[in-house]
Amino acid sequence: MEQMHQLTQLNLNVVNKRKINSNKFNLKQKMKKLVLLTVLAFSGIVGFAQKIGHVDVAEVFKVLPAKIAADKEMEAAKATYDKAITEKENALKTRYEELQKQVQAAKPSDEQMKKYQEEIQTKDQEIQDLKKDAYAKLSEKQDALVAPLVEKLQAAIDKVAKAQGINYVLDAAKGAGLVSINGGNDLTAAVKAELGIK
């Protein structure tokens, strides 16, 4: 009974592991970098006649067709990893239940119990390694998909700002740090048009 209890305790955390959470990809940080780059791109000697504009970067980014396609691609990749992880977790759960039945049916020796525990630990480690690998690969894929989009968005902001004689462009997205906007030079529609977004 004690051996079965040890086996149960060893594997309580194995069966109920969480799936990879796609929300870990922090797009907000990438957007803040974009805004900083925009401000730096237009910084120069501060004078009295500087023109300031604002763009809701998050609004533009979320309707960018290439971003929508990238999101779908990320979801498909995540689903593939989730499926592989779920299959391994289910196999481990099944094996664990088999071992529990064996322990109940025949009192295994200490050596056999140790083998059972090692088997479960090895399979659990394989699952943890798969999750770690999946997270790293998904993060790499996210970066590879988002980087060109950020560059494209930055180029559009730069082009629109230059065409309108804007010296500084701030991010007007909620939570981006801009406290109040009362009219001013809103470049959001022009940036969308530059990107071919209706």
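### Section: the overall build of the protein chain
Within the protein chain, the secondary structure is distributed over six helices and three strands. Ordering the α and β elements of the protein chain from the N terminus gives α-α-β-α-α-α-β-β-α. Working note: accessible area of the protein chain is about 12400 Å², and carbon and sulfur atoms make up 53% of it.

### With respect to the nonpolar core
Within soluble globular proteins, side chains that are nonpolar generally end up buried alongside one another. One finds Leu 153, Leu 187, Val 191 and Leu 195 to be the most contacted residues of the largest nonpolar core, which totals 36 residues. For this core, the element with the most residues is helix α5 (residues 110-163), which contributes 16 residues. In this view, Leu 187 contacts Gly 53, His 54, Val 55, Val 160, Ala 161, Gln 164, Ile 166 and Val 169; residues no more than four positions away in its chain are not counted.

### Observations regarding the pattern of salt bridges
Counted by the stated rule, this structure contains 11 salt bridges. Of the charged contacts, one joins Asp 82 and Lys 78 as a salt bridge, the two residues approaching to 2.4 Å between their closest N and O atoms. Of this pair, Asp 82 and Lys 78 both sit in helix α4 (residues 65-105), four residues apart, which is roughly one turn of the helix. As far as burial versus exposure is concerned, Asp 82 and Lys 78 are alike and both buried. In this structure, the salt-bridge partner of Glu 89 is Lys 131, at a minimum N-O distance of 3.2 Å. One end of the pair, Glu 89, is in helix α4; the other, Lys 131, is in helix α5, with 42 residues separating them in the sequence. With respect to class, Glu 89 is no different from Lys 131; both count as buried. It is possible to trace a salt-bridge network through shared partners that takes in Arg 95, Glu 98 and Glu 119.

### As for the confidence of the model for the protein chain
Summing up the model confidence of the protein chain, the mean pLDDT is 78 and the portion of residues at 70 or higher is 71%. When the criterion is pLDDT under 50, residues 1-25 qualifies, and its contacts beyond four places in sequence or with other chains add up to 49 contacts. Segment residues 44-48: pLDDT under 50, and three contacts once partners within four positions in sequence are set aside and those in other chains are kept.

### A few points about the environment of Leu 130
Note that Leu 130 resides in helix α5. The spatial distance from the C-alpha of Leu 130 to the C-alpha of Ile 85 is 7.0 Å, given a sequence separation of 45 residues. Setting aside residues no more than four positions away along its own chain, Leu 130 makes contact with Ala 84, Ile 85 and Lys 88.

### Concerning the environment of Ala 84
Mapping Ala 84 onto the fold places it in helix α4. A sequence separation of 43 residues divides Ala 84 from Ile 127, and the C-alpha atoms of the two residues are 9.3 Å apart.

### Observations regarding the sheet that holds strand β2 (residues 168-171)
Strands sit in the order β2-β1-β3 across an open sheet of three strands; the sheet is parallel. Every interior strand has two partners, whereas the edge strands, β2 and β3 (185-186), have only one. Here strand β1 (residues 52-55) runs beside β2; their pairing, made up of four bridges, is parallel. By the bridge assignment for β2, His 54 is matched with Leu 170.

### Considering the packing of α4 against α5
The relative placement of two packed helices is expressed as an angle between their axes plus a distance between the axes. Viewed as axis vectors pointing N to C, α4 and α5 meet at an angle of 180 degrees, and their least axial separation amounts to 10 Å. Taken as axis vectors, α4 and α5 run roughly antiparallel relative to one another. Looking at the contact of α4 with α5, its residues break down into 20 nonpolar, two polar and 13 charged.

### Looking at the pairing of β1
The pairing of β1 with β3 spans two bridges and is parallel. Residue Gly 53 lies in a different strand from β3, and its bridge partner there is Asn 185.

Criteria and thresholds
Residues numbered from 1 in each chain as written. Predicted model: local features only at pLDDT ≥ 70, side-chain atom pairs only at ≥ 80, totals over all residues. Heavy atoms only, no water. Helix = DSSP H or I, 4+ residues; strand = E, 2+ residues; numbered from the N terminus. Areas by Shrake-Rupley, 256 points an atom, 1.4 Å probe, with all protein chains shown as cover. Core = buried A, V, L, I, M, F, W, Y, C linked by side-chain atoms within 4.5 Å. Buried < 20%, exposed > 50% of the residue type's maximum accessible area, 1.4 Å probe, protein only. Contact = heavy atoms within 4.5 Å. Salt bridge = Lys/Arg side-chain N within 4 Å of Asp/Glu carboxyl O. pLDDT = per-residue confidence, 0-100. Pairing = 2+ DSSP bridges. Axes fitted to C-alpha atoms, helices over the stretch in contact; angles between N-to-C directions. Parallel < 35°, antiparallel > 145°, perpendicular 65-115°, else oblique. Nonpolar A, V, L, I, M, F, W, Y, C, P; charged D, E, K, R; others polar.

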